[in-house]
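As a plain string of letters, each chain reads:
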Amino acid sequence: MTKETLLSGWNFMRFLRLGLGIYIAIQAVETRSILSGVIAGFFLFQAITNTGCCGSNGCAVPIKKNKTDKIEEVEFEEIK
């Protein structure tokens, strides 16, 4: 995990996971619930590493698009 992964790519879902993780973690401490703590850890891990449920960017859409500035000539052949 690099510093770039932690600091870039913050979108709505990543903020939502972070907020849910923090909220559930606070509730886990207040209620002393181990299961809530595990769930909070899961959400916080997802937010920090920018992963989804499928693992290391298994469900993620690629950030960079392949842009090609090359225009290819297309040859047409007339068929009679």
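As the structure is a computational prediction, the values presented were derived from the model and not from experiment.

Colleague: Is there a simple way to explain the overall build of the protein chain in this structure?
Modeller: From N to C terminus, the protein chain includes 3 helices and 0 strands. Going residue by residue from the N terminus, the α and β elements of the protein chain occur as α-α-α. Counting all 80 residues of the protein chain, 12% fall into the buried class. For the protein chain, contacts bridging at least 24 residues in sequence account for 43% of all contacts bridging at least 6. Carbon together with sulfur atoms contributes 62% to the accessible area of the protein chain, which is approximately 7,400 Å² in total.

Colleague: I keep staring at unusual backbone geometry and nothing clicks. Help me out?
Modeller: One can expect most non-glycine residues to show negative phi and most peptide bonds to be in trans. Located in the positive-phi region is Arg32, a residue other than glycine, with phi close to 55 degrees. On the basis of relative accessibility, which here comes to 76%, the residue Arg32 falls in the exposed class.

Colleague: In this structure, what is going on with the side chain of Arg14? I would like to understand it.
Modeller: Mapping Arg14 onto the fold places it in helix H2 (residues 12-31). Among the polar contacts made by the side chain of Arg14, one reaches the main-chain carbonyl oxygen of Ile48 at a distance of 3.0 Å.

Colleague: In this structure, what is going on with the packing of H2 against helix H3 (residues 34-49)? I would like to understand it.
Modeller: Two numbers describe a pair of packed helices, the interaxial angle and the distance between the axes. Axis separation between H2 and H3 bottoms out at 8 Å; the angle between their running directions is 155 degrees. Classified by the interaxial angle, the pair formed by H2 and H3 is roughly antiparallel. Seen along the crossing, H2 lies across H3 with a hand that is left-handed. In contact with Arg14, Arg17, Leu18, Leu20, Gly21, Ile22, Ile24, Ala25 and Ala28 of H2, H3 contributes Ser36, Gly37, Ile39, Ala40, Phe43, Leu44, Gln46, Ala47 and Ile48. Residues of the contact of H2 with H3, tallied by class, amount to 12 nonpolar, 4 polar and 2 charged.

What counts and how
- Residues numbered from 1 in each chain as written.
- Predicted model: local features only at pLDDT ≥ 70, side-chain atom pairs only at ≥ 80, totals over all residues.
- Heavy atoms only, no water.
- Helix = DSSP H or I, 4+ residues; strand = E, 2+ residues; numbered from the N terminus.
- Buried < 20%, exposed > 50% of the residue type's maximum accessible area, 1.4 Å probe, protein only.
- Contact = heavy atoms within 4.5 Å.
- Areas by Shrake-Rupley, 256 points an atom, 1.4 Å probe, with all protein chains shown as cover.
- Polar contact = N/O pair within 3.5 Å; in protein donor to acceptor, adjacent residues only side chain to side chain.
- Axes fitted to C-alpha atoms, helices over the stretch in contact; angles between N-to-C directions.
- Parallel < 35°, antiparallel > 145°, perpendicular 65-115°, else oblique.
- Left-handed = near helix turned anticlockwise from the far one by under 90°.
- Nonpolar A, V, L, I, M, F, W, Y, C, P; charged D, E, K, R; others polar.

Coordinates in, geometry out; function isn't part of it.
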